[in-house]
Amino acid sequence: MTEYPVSAFFLFLRHRLTSLYAPFVLAASCTVAFAQGPSPTAADTVKRGEYLARAGDCIACHTKPGDKLFSGGRPMPTPFGTLYSPNITPDNETGIGQWSADEFYSMMHTGRSRDGALLYPAMPFGAYTKVTRADSDAIFAYLKSVPPVRQPNRPHELRFPYNNRQLLIGWRTLYFHEGEYQPDPTRSVEWNRGAYLVDGLGHCSMCHTAINALGGSSESTAFEGGLIPMQDWYAPSLTSNKEAGLGDWTISDIADLLQKGVSRRGAVYGPMAEVVYDSLQYLSDDDVRAMAVYLKSLPQHGGATSGSNGNVSREERGLLFTLGGKIYQAQCASCHGKSGEGKLPDFPPLANNQSIQMTSAVNPIRMVLNGGYAPGTARNPMPYGMPPFAQSLTDDEVAAVVTYIRTAWGNRGAPVSAKEANALRSAALY
Amino acid sequence: MLRRTVAVALSCLVWMSMARAEDRVGERAPDTMEARVLGCAACHGGHGEGTNNDYFPRLAGKPAGYLYNQLIAFRDGQRQYPPMNYLLAYLPDAYLRKIADYFAAQRPPYPPPLTPAIPAALLARGEQLVKSGDPANDIPACAACHGAALTGREPGIPGLLGLHAEYVSAQLGAWRYGTRKSVAPDCMHTVASRLSNDDITAVAAWLAASPGPANPAPVARGSLKLPLACGSEPQ
């Protein structure tokens, strides 16, 4: 079994960098390159670096929306204070203009900055450590090629004691394992490529593995899902068929979800919509398929129990279901179908949709309150949108309709209470 | 015989599985902009006519350039209203342009004018500011930029009718305090900063009490010279 990245800490970060080639894949492509003629030009390397930077989603944290590319300064609220991403343009004074490729690789690989400072694990070095030297060099060449922006880094605003970087030594001992991705020779080239992308540049486990009170995530619970701190979205388990476990998904449905943003099984919203918009839509069909193959192979186990009544009494559950059914037929059925079958892929199915039935009801409650658009992508440039109902439904009505969709048509989610619905009215939206 | 039975059974199976595959295809979402902007309809109405909520504005008939600028500003966070920022965060420019074009082309009826809840003298002040401005205080008439019929002007200046007074006064306040901004020179910041609180109440009430225009089309681009420079309406 391959080793999972232990990343997290400040989870809500969503970067994704690239994909490494497993050494033997590299060897294969080198052979092809030699057979075809001269080695790749500098322009080729920059182009490959741009692709890898997309796979690593550097832009999500290192560019403020609407601001200059990679100029940093994006605030990242965490339970420990606010971090500000640094400027990674090639400006000599405020960016990485004076860095060497060695120093860049060392930062990616060890989580130490050029001056030796330990990086906060908002930078997913626990995943990026798996990136190969060749890929790191290509990303660096690309970053050196973008327009330099003079913008000094904004100091982090972390509370005591988290502002003491020496504490990170302990954190690293517990949660950081340095080392490039080692391919599993018992698996296919495609599987290894997918593992390299998911566990390395993709840094998927930053959100899809729960973090503990120390802001660390344990390998033993890799990809088992968790609430994303500060964002109040639930990143579902990728290892449970009861959540977003992909055991019974087809490869093309998984690939559609990742690359297109919608699929016949469901669509992405919230933080995952950002990942698709900034990163995954740009990946090649082959790479997305490799990720799908790897994700589908993750061991499926346990996961959340469902079908219980949660915090809701049996009588209350009956009342919620009856009221919810009426609201559903009046407000939801025209798009999602009388029996939750949806109009695929644009109006997602609700029946047999794992994300509706998960133990955490955070995502379905949020969708009812705030609606949402799937991301606009190359393969789905004009997505459909779900309207918000926060202003037209009471807490009781939201609880009722979410209870209904979680328990109707054979769905096995637990009912939700008005209190749970109310708590998410004040969740951060943006 | 047996062979034929098997063949028939097999072809039935093939046919059944094909039929089932067809069932699975099911009904598709309508391939229309109207269906795609259902996410907007709950607050702005299916055709952008607005709703009873005081703070969700009418969109229909506003110039596409204006609507596009607002969509971009909400998406990128320059104009802040979290429910809008959230909905638009991951939509590309080309699609926002289509959404703007859709609402700009809509012509739903205007709502009945609202009975103003302010004194007649203040309402008269509102009418004066809208139609003639206040030259002594260097305040141009709303109509000088937004068109004599207040239907806006291509490409970037919105129409002012069919909006609730609360929305108009909230926007004027936001322009004044800089929480709503435009590309420099920010003419609405300049104008709103010259208005008193009473002026804002008066203008908003008079606009909300006015009936919809006979012809809702915005004024053509460049047909009038603006009384002051506006970054969002290049001359």
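Residues numbered from 1 in each chain as written. Chains lettered and ligands numbered in written order. Predicted model: local features only at pLDDT ≥ 70, side-chain atom pairs only at ≥ 80, totals over all residues.

Q: Before we move on, could you go through the overall build of chain B and cite the residues and values that matter?
A: When helices and strands are counted, chain B shows eleven helices and zero strands. Start at the N end of chain B and walk to the C end: the helices and strands fall as α-α-α-α-α-α-α-α-α-α-α. Across the 235 residues that make up chain B, the buried fraction comes to 40%. Pairs at least 24 residues apart make up 70% of the contacts formed inside chain B by residues separated by at least 6 positions. (Helix = DSSP H or I, 4+ residues; strand = E, 2+ residues; numbered from the N terminus. Buried ≥ 20, exposed ≤ 12 C-beta atoms within 10 Å, placed from the backbone. Contact = placed C-beta atoms within 7 Å.)

Q: Quick rundown of the overall build of chain A? Include the residues and the values.
A: When you go through chain A residue by residue, the secondary structure sums to 17 helices and seven strands. Expressed as a percentage of its 430 residues, the buried residues of chain A come to 53%. Taking the contacts inside chain A whose residues are at least 6 apart along the sequence as the reference set, 72% of them involve residues at least 24 apart.

Q: Report on the environment of Asn92 of chain A, specifying residues and quantitative values.
A: All names here are of chain A. Within the secondary structure, Asn92 is located in the loop between β2 (81-84) and α4 (101-110). For the pair Asn92 and Ala255, spaced 163 residues apart in sequence, the C-alpha separation works out to 40 Å. In this structure, Asn92 is in contact with Gly97 and Gln98, ignoring residues within four places of it in sequence.

Q: Please set out the sheet that holds strand β3 (residues 157-158) of chain A residue by residue, giving values where relevant.
A: A sheet is described by the order of its strands in space; here three strands give the open sequence β1-β2-β3 (chain A), paired in antiparallel fashion. Lying at the two open borders of the sheet, with one neighbouring strand each, are β1 (75-78) and β3 of chain A. (Pairing = 2+ DSSP bridges.)

Q: Explain the domain arrangement of chain B residue by residue, including any values.
A: Residues and elements named next belong to chain B. Considered domain by domain, chain B is made up of domain 1 (33-109) and domain 2 (120-208). Between domain 1 and domain 2, the C-alpha centre-to-centre distance is 21 Å. Tallying the contact residues gives 13 residues for domain 1 and 17 residues for domain 2. Grouping the constituent residues of the side of domain 1 that touches domain 2 by class yields four nonpolar, five polar and four charged. (Domains from an automatic or database assignment. Nonpolar A, V, L, I, M, F, W, Y, C, P; charged D, E, K, R; others polar.)

Q: Explain the nonpolar core residue by residue, including any values.
A: For soluble globular proteins, nonpolar side chains are generally found buried alongside one another. Membership of the largest hydrophobic core comes to 125 residues, with the highest contact counts inside it found for Ile365, Val401 and Val402 of chain A. Excluding anything up to four places from it in sequence, Ile365 of chain A contacts Val398, Val402, Val416, Glu420, Ala421 and Leu424 of chain A. (Core = buried A, V, L, I, M, F, W, Y, C linked by C-beta atoms within 7 Å.)

Q: A description of the interface of chain B and chain A should follow, citing residues and the corresponding values.
A: Contact with chain B, which involves 27 residues of that partner, is made by 28 residues of chain A. Residues of the side of chain B that touches chain A, tallied by class, amount to 16 nonpolar, six polar and five charged.

Q: Please give an account of the domain arrangement of chain A that cites residues and values.
A: Residues and elements named next belong to chain A. What the domain assignment lists for chain A is domain 1 (1-235) and domain 2 (314-426). In this complex, domain 1 contributes four residues to the contact, which on the side of domain 2 involves six residues. Class assignment of the residues belonging to the side of domain 1 that touches domain 2 gives a composition of three nonpolar, no polar and one charged.

Q: So what's going on with the pairing of β1 of chain A? Residues and values would help.
A: Residue and element names in this part refer to chain A. Alignment of β1 against β2, held across four bridges, turns out to be antiparallel. Bridge pairing in β2 links Pro77 to Thr82. Turn length for the β1-β2 hairpin, with the two strands adjacent in sequence and antiparallel, is two residues.

Q: Please provide a residue-by-residue account of the pairing of β2 of chain A, values included.
A: Across two bridges, β2 of chain A lies against β3 of chain A in antiparallel orientation. What sits directly across from Gly81 of chain A, in β3 of chain A, is Leu158 of chain A.

Q: Account for the packing of helix α2 (residues 42-56) of chain A against helix α6 (residues 133-145) of chain A, with residues named and values stated.
A: Residues and elements named next belong to chain A. At their nearest, the axes of α2 and α6 sit 7 Å apart, and the two run at 100 degrees to each other. Taken together, the axis directions place α2 and α6 in an arrangement best described as roughly perpendicular. Each of Ala42, Thr45, Val46, Arg48, Gly49, Glu50, Leu52 and Ala53 in α2 lies in contact with α6, whose residues at this interface are Asp135, Ala138, Ile139, Phe140, Ala141, Tyr142 and Ser145. Classifying every residue of the contact of α2 with α6 by side-chain character gives nine nonpolar, three polar and three charged. (Axes fitted to C-alpha atoms, helices over the stretch in contact; angles between N-to-C directions. Parallel < 35°, antiparallel > 145°, perpendicular 65-115°, else oblique.)

Q: Describe in detail the packing of helix α15 (residues 362-370) of chain A against helix α16 (residues 395-407) of chain A, supporting the description with residues and values.
A: All names here are of chain A. In the contact formed by α15 and α16, the axes pass within 10 Å of each other and the chain directions differ by 130 degrees. Relative to α16, the element α15 is oriented oblique. The way α15 lies across α16 gives a crossing that is right-handed. Facing Pro364, Ile365, Val368 and Leu369 of α15, the residues of α16 in contact are Val398, Val401, Val402, Ile405 and Arg406. (Left-handed = near helix turned anticlockwise from the far one by under 90°.)

Q: Any chance you could break down unusual backbone geometry for me, citing the residues and the numbers?
A: In this chain, Phe160 of chain A is followed by Pro161 of chain A through a cis amide linkage whose omega measures 0 degrees. A cis geometry characterises the amide bond from Ala184 of chain B onward to Pro185 of chain B, with omega recorded as -5 degrees. Mapped onto the elements of the fold, Pro185 of chain B is located in the loop between α9 (165-177) and α10 (187-194). Positive phi, close to 60 degrees, is recorded for Asn352 of chain A, a residue that is not glycine. In this fold, Asn352 of chain A is placed in the loop between α13 (314-336) and α14 (354-357). For Asn352 of chain A, a count of 16 C-beta atoms within 10 Å gives the class partly exposed. Residue Leu150 of chain B is not a glycine yet carries a positive backbone phi of 60 degrees. Looking at Leu150 of chain B, the number of C-beta atoms within 10 Å reads 20, which means it is buried.

Q: Please set out the environment of Val149 of chain A residue by residue, giving values where relevant.
A: All names here are of chain A. Position of Val149 among the secondary structure elements: in the loop between α6 and β3. When the C-alpha positions of Val149 and Thr394 are compared, they lie 48 Å apart, and in sequence the two are 245 residues distant. Apart from the residues lying within four places of it in its own chain, the contact partners of Val149 are Lys68, Ser71, Asn87, Thr89, Asp91 and Gly95.

Q: Can you tell me about α9 of chain B, naming the residues and giving the values?
A: All names here are of chain B. Relative to the 18 Å expected for 13 residues at 1.5 Å per residue, α9 spans 18 Å between its end C-alpha atoms, a close match to the ideal helical length. Taken together, the buried positions of α9 are occupied by Ala165, Val168, Ser169, Gln171, Leu172 and Trp175. Looking down the long axis of α9, one finds its buried residues gathered within 160 degrees of arc, a one-sided arrangement. Looking at the buried positions of α9, the neighbouring elements they touch are α10 and α11 (197-208). Directly beyond the C-terminal end of α9, a positive phi value near 80 degrees is found at Gly178. (Expected span 1.5 Å × (residues − 1). Arc of directions from axis to C-beta.)

Q: Please provide a residue-by-residue account of the environment of Lys68 of chain A, values included.
A: Residues and elements named next belong to chain A. The residue Lys68 is located in the loop between α3 (58-62) and β1 in this model. By the C-beta count within 10 Å, which is 16 here, Lys68 ends up partly exposed. Residues Lys68 and Gly340 lie 272 residues apart in sequence; the distance between their C-alpha atoms is 43 Å.

Q: Give a description of the confidence of the model for chain B that names residues and reports values.
A: Caution applies to low-pLDDT regions: their predicted coordinates should not be interpreted in detail. Residue and element names in this part refer to chain B. In this model, chain B carries an average pLDDT of 90, and 89% of its residues clear a pLDDT of 70 or more. Taken as a whole, residues 8-23 scores under 50 in pLDDT and shows zero contacts with residues more than four places along the chain or in a different chain. Here the predicted complex scores 0.88 on pTM and 0.87 on ipTM. (pLDDT = per-residue confidence, 0-100.)

Q: Report on the confidence of the model for chain A, specifying residues and quantitative values.
A: Predicted confidence across chain A gives a mean pLDDT of 87, with 85% of residues reaching 70 or more. Low pLDDT, under 50, characterises residues 1-37 of chain A; the predicted model gives this stretch 135 contacts beyond four residues in sequence or across chains.

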